[in-house]
Structure formats: structure tokens, C-alpha cells
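Survey of secondary and tertiary structure
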Amino acid sequence: MSIDAVQKIETSGGAVVDGTVTVAHDFIGRDFIGRDHITIANHGLLIMQHAVATVKPQTTGVVDLGTRDSTNVKLLQQGKQLYTYLFTRQPANEDRSHKGQAAIEPAPDVAVLVDINRRILLDVARYLDEQQIQATLIIVTNDPTYSHQTPFLDVNTPTAWTELVQEFNAAITHIKHYMGPARFHFFLATPLPLAFGLGAVWGTVEEAIVYHYEKNAYHPVMKISRELRKSP
């Protein structure tokens, strides 16, 4: 269940615009807007959807998409198919008048959402709040607007699937560069072949936790490490 709320955001150029954001509620109707990650997720969605039209195709470099209250959104990378968005909390007392954009700070925990065939941002944000995991949110998606109408991958165009995995590899390189030696939490909403390809790209050299969604909840089911290569 959700409601639409009118919000105002400040774009990276300093303009203030009105917009509608979907505010998450739980199953008994309580408003989650006061929860840390849910607040960031809702404000970030609004920023994404308003700013996407201003981003040129295959833009290079980091693009500051704007700020809503303490939530800042950046486009870390844009490829032919994949877009990587960074949601961060901006300190209330940070002076941006001379910076032009909010700085990217390394984080101890990073939640990477690979979102292709189901919109999982609010579910993941709710889980992080419930588990009290303070993590920076990063969305890797093939839909720049993050709309409810998820684009389908053509099974007759395998090169497009390969390209998605290759762009994910580039996205991970950017994420590691900016986030530093973080604890990575992976939440996947992808077709099985893509998940297999993404795992091949990540490998076992660097550790991560992979989560499984079952019965309306996330579960940390697998730790990625060199231990996976050992015989049971």
C-alpha cells in the first residue's frame, strides 16, 4: 500500500521543483517516511524521476542529480543499457555553495541493488531499517526512470544480455572506486542467466553478502568469499 505525496526538490543547478513521490507504508498502514532508508529511498526516487530528462545519453563522469532535504542522488555511471545511481545522506550543515555538488564519501556498508525485472528499492530500504544496517544505497538498473513498467530483455538478442553483464563490471569498478573497502550487500532482481553472469564478474576474491527474497522478506543466505572454492 502506498500514497502519493507532493514534495519539493533542489536540483543540482539550485532550482526548486514540485513533484510527486510514492511514500511507503507497511501492511497495517503505518507511515515509514520517518525511517532512515525509506526516507532516502522515497526522496531519491523523486529526484531520479525528475532529473533523468536532463541527462544526456551515455554521459561520462559523475552527475549530481539534485538534493531533497538531506538526500542527494548522483548518477555514477551511464552505459548503453545500465544506469548506476548513488543515494546518500547529506549532512544538514554541509555548505554546497562553493562545491557545486555534494561530495562522495566512502561508506563502511554498501547495499547494491541490481534491479532489472522487479522494483526492489523500497523493500530493501525497509529491510535495512528493520535490521538497523546503515548502508549507502546504490541502484544498478536498465530503466533510468525506475518506473513500475519494467522493460523486458529480448531472449532473441543474447548480445544485449552479454552487454548488460559487461556494463555491470564497469559499474562495479566505479562503485569500488568511490566506496572504498566496504562491506557489500547484494540484492538481485534479475533473470537467472544474468545473475549467473554477474556472479562470474564479481568472483570470489572480494567478499560480499547475497540476499534472497522469500515470503515478503530478505534473508542473508550466502557469503561470497574464497571459502566457496573449498571442498565441503
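Computed from a predicted model, the values in this text were never measured in an experiment. (Residues numbered from 1 in each chain as written. Predicted model: local features only at pLDDT ≥ 70, side-chain atom pairs only at ≥ 80, totals over all residues. Heavy atoms only, no water.)

**Notes on the nonpolar core**
Y85, F87, L113, L121, L128 and F187 are the most contacted members of the largest nonpolar core, which has 31 residues in total. Those elements that place two or more of their residues in this core are α1 (36–51), β4 (71–78), β5 (83–89), β6 (109–115), α2 (121–131), β7 (136–141) and β8 (183–189). The biggest single contributor to this core is α1, with seven residues. With sequence-adjacent residues up to four places away left out, Y85 is seen in contact with M48, V52, L65, V73, K74, L75, L137, I138, I139, T141 and P144. Listed in part, the 27 residues of the second largest apolar core include L153, I172, L194 and V210. (Core = buried A, V, L, I, M, F, W, Y, C linked by side-chain atoms within 4.5 Å. Buried < 20%, exposed > 50% of the residue type's maximum accessible area, 1.4 Å probe, protein only. Helix = DSSP H or I, 4+ residues; strand = E, 2+ residues; numbered from the N terminus. Contact = heavy atoms within 4.5 Å.)

**As for the pairing of β5**
Burial runs high along β5: six of the seven residues are buried. Pairing of β4 with β5 involves seven bridges; the strand directions are antiparallel. By the bridge assignment, V73 is partnered in β5 with F87. (Pairing = 2+ DSSP bridges.)

**Structural notes on the packing of helix α3 (residues 158–179) against helix α4 (residues 192–202)**
Axis angle and axis distance: for two packed helices, these are the angle between their axes and the distance between the axes, and together they describe the pair. Put simply, α3 and α4 touch, their axes get as near as 9 Å, and they point 40° apart. In terms of orientation, α3 and α4 fall into the oblique class. Pair α3 / α4 crosses with right-handed handedness. Mapping the contact onto sequence places W161, L164, V165, F168, N169, I172 and K176 in α3 and P193, L194, G197, L198, V201 and W202 in α4. (Axes fitted to C-alpha atoms, helices over the stretch in contact; angles between N-to-C directions. Parallel < 35°, antiparallel > 145°, perpendicular 65-115°, else oblique. Left-handed = near helix turned anticlockwise from the far one by under 90°.)

**Looking at the confidence of the model for the chain**
Chain-level statistics for the chain give a pLDDT mean of 79 and a share of 78% at 70 or above. Contacts of residues 1–34 to residues separated by more than four positions or lying in other chains number 77 contacts, the stretch itself having pLDDT below 50. (pLDDT = per-residue confidence, 0-100.)

**Description of the pattern of salt bridges**
According to the stated counting rule, one finds 11 salt bridges in the structure shown. Among the ionic pairs, D115 bridges to R119, the shortest N-O distance being 2.7 Å. As far as the burial class goes, D115 and R119 line up, both buried. Two residues, K230 and E227, come together in a salt bridge whose shortest N-O distance is 3.1 Å. (Salt bridge = Lys/Arg side-chain N within 4 Å of Asp/Glu carboxyl O.)

**Comments concerning α4**
For an α-helix, the turn length of 3.6 residues means that residues three or four places apart are oriented alike. Looking at α4, one finds that the buried residues are L194, G197, L198 and W202. Axial view of α4: buried residues confined to an arc of 140°, hence all on one face. Opposite the buried face of α4, by more than 90 degrees, sit the exposed residues L192, P193, F196 and A200. A positive backbone phi angle near 75° is found at G203, which sits one or two residues after α4. (Arc of directions from axis to C-beta.)

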